[in-house]
Every structure is written in structure tokens, then in C-alpha cells.
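Observations on chain architecture
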Amino acid sequence: MEEQENSQSPGQESSATRRAVKLARLINEDCNRLLELYIERESLPSNKSSEQGPRLVLGGVSPESQSTVERVWHHRCALRRLLALLEQQIGWEEEEMGLDGGGEGEYVEVRRAVKVRLGHLLHSTLVLLEVAEDSQGSDHLAPDHDCTQGTDEMDNSSSFKMKIWTHHLLQDLIHWTDSAMKSLQVLHMERTGQQEL
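Here is what the cut-offs are and how they apply
- Residues numbered from 1 in each chain as written.
- Predicted model: local features only at pLDDT ≥ 70, side-chain atom pairs only at ≥ 80, totals over all residues.
- Heavy atoms only, no water.
- Helix = DSSP H or I, 4+ residues; strand = E, 2+ residues; numbered from the N terminus.
- Expected span 1.5 Å × (residues − 1).
- 1 Å grid on protein atoms, 1.4 Å probe; cavity = no way out; pocket = protein on both sides within 12 Å on 5 of 7 lines; lining within 4 Å.
- Points joined across faces, edges and corners; volume = space filled by probe spheres on them.
- Salt bridge = Lys/Arg side-chain N within 4 Å of Asp/Glu carboxyl O.
- Buried < 20%, exposed > 50% of the residue type's maximum accessible area, 1.4 Å probe, protein only.
- Axes fitted to C-alpha atoms, helices over the stretch in contact; angles between N-to-C directions.
- Parallel < 35°, antiparallel > 145°, perpendicular 65-115°, else oblique.
- Left-handed = near helix turned anticlockwise from the far one by under 90°.
- Nonpolar A, V, L, I, M, F, W, Y, C, P; charged D, E, K, R; others polar.
- pLDDT = per-residue confidence, 0-100.
- Contact = heavy atoms within 4.5 Å.
- Core = buried A, V, L, I, M, F, W, Y, C linked by side-chain atoms within 4.5 Å.

**Digging into helix 5 (residues 159-192)**
For helix 5, which comprises 34 residues, the first-to-last C-alpha distance of 49 Å matches the rise-based estimate of 50 Å (1.5 Å per residue) to within 8%. Phi turns positive one or two residues past the end of helix 5, at Gly-193, with a value near 80°.

What follows is the structure in C-alpha cells.
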């Protein structure tokens, strides 16, 4: 059964890549909205550039030295780490601030959507990468390979530090989902010759 799942025809693979790009774009839009809602809720300065501040998750290897498939894998690793951090942040907010699935309206709804969609993106990129490995006969992208580094420890020693950490987490989500979307677009273009999605 697993063999059938990974042996996609070029048309199916193109469609799967297209869906992954669209999902990454949607998550990126959701992350931007989530940051806006967070800034509004916490009365933080509205500078939402995802390029400012320390990275919680850093790339370990220069993208120029990687193939497109390796870049997609690298982005998947970063997003997997960010999903784990988001789950920690959600747990902290639920425990310390009393925010649960029933409170805070749009903020909680968008946060939940980001978490669920990010899980779907991780699954779909894993399938794409398994197909790529099968077709190339390579196995250098080990499932537990950790290709990210950074200062990702949650600092919940004070409410203020946690707010700043959460702000950085949301900025990283914006950065990495945008970057993943671009890498997936290149993968789609390489496999189909189509530039537009």
C-alpha cells in the first residue's frame, strides 16, 4: 500500500506539488493574520517584519549548496520544529493565561487553523519528498535528520518574555512558510515546466 501511495504519475505529482504550494501560501496568510491579531491583543508595536529579531529556528546549511529537493526537506524540518514550538506556546497560553479553544475568538480560530494546516503541509511535503527519493534512488533525507538550529527554547520566566518569544515565533512562522512556498514553487516548476500556479 505504501508503495502505491509513493508511486504517483507525473500528473498526480504535479497536482500534489501545486496543492502544497497553495497550502503553504494559505498558511503564510494565516500566520500574517495571526501576528496582526497577536500584536493587537498584546498592544505591541505594529512592526511585523519577519526579518527582524532573533530567529528561533535557523537554517543550518546555505540554500545555494542544496538541490531543490534538499531545500524542500530543509524547510519541512524547520516547519516541523516550528509546529512543535507552536504547540508549546498554545499549551502555555492555555495553562497560564486561561486561553483555550473556546476563548479569544478569531485569534484562537486562526491559531488552530495554522496548527492544523501546518500538520497537513508537513504530511504532503513528506509524501512529495518520498516520491522524489524513490525516483532518484537516494536515501540521504533521513526522516529524523534535524536540519535546523536556533534559540528555540521557550522563555516563560515572565509574561513579558513569553510575549516577546511568541512574537518571534509568529515572525519565524511567516518567514519559513513564505520560504517553503518559494521552494515548493521551484520544485513544481522543475517537475512540470510550468511557472504559474
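**Some words on empty space enclosed by the protein**
Within the structure shown, the criterion is met by one cavity of 30 Å³ or more. Around the largest cavity, the lining residues are Val-72, His-75, Arg-76, Leu-79, Leu-121, Thr-125, Ala-180, Ser-183 and Leu-184. At the level of secondary structure, the elements contributing two or more residues to the lining of the largest cavity comprise helix 3 (68-96), helix 4 (106-136) and helix 5. Among the elements that take part in the lining of the largest cavity, helix 3 stands out by supplying four residues, more than any other.

**Section: helix 3**
In an α-helix, one turn spans 3.6 residues, which is why side chains three or four residues apart end up on the same side. Between its first and last C-alpha atoms helix 3 spans 41 Å; for 29 residues at 1.5 Å apiece the expected length is 42 Å, and the two agree. At the C-terminal side of helix 3, Gly-98 shows a positive phi close to 75°.

**Some details on the pattern of salt bridges**
Applying the stated criterion across every chain yields a total of eight salt bridges. For the salt bridge of Arg-33 with Glu-106, the shortest nitrogen-to-oxygen distance reads 2.9 Å. In this pair, Arg-33 sits in helix 2 (residues 10-42) while Glu-106 sits in helix 4, placing the two residues 73 residues apart along the sequence. A relative accessible area of 29% means that Arg-33 is categorised as partly exposed. In this structure, a network of salt bridges that share partners links the residues Arg-41, Glu-42, Glu-93, Arg-111 and Lys-163.

**Here's the deal with the packing of helix 3 against helix 5**
Their axes nearest at 9 Å, the elements helix 3 and helix 5 cross at an angle of 155°. Here helix 5 runs roughly antiparallel to helix 3, going by the angle between their axes. Where helix 3 crosses over helix 5, the handedness of that crossing is left-handed. Taken together, the residues of the contact of helix 3 with helix 5 sort by class into 17 nonpolar, eight polar and four charged.

**Observations regarding unusual backbone geometry**
Phi is positive for Ser-43, close to 55°, though the residue is something other than glycine. The residue Ser-43 is located in the loop between helix 2 and strand 1 (58-59) in this model.

**Quick look at the confidence of the model for the chain**
When pLDDT is low, close inspection of the predicted coordinates is not appropriate. In this model, the chain carries an average pLDDT of 80, and 70% of its residues clear a pLDDT of 70 or more. Taken together, the stretch residues 1-7 has pLDDT below 50 and engages in four contacts with residues farther than four places along the chain or on a different chain.

**Quick notes on the nonpolar core**
Counting 48 residues, the largest nonpolar core has Leu-79, Leu-82, Leu-121, Leu-169 and Leu-184 as its most contacted members. For this core, the secondary structure elements donating two or more residues are helix 2, helix 3, helix 4 and helix 5. Those residues within four positions of Leu-184 in sequence are excluded, and the remaining contacts are Thr-17, Ala-20, Val-21, Ala-24, Val-72, Leu-121, Thr-125 and Leu-128.

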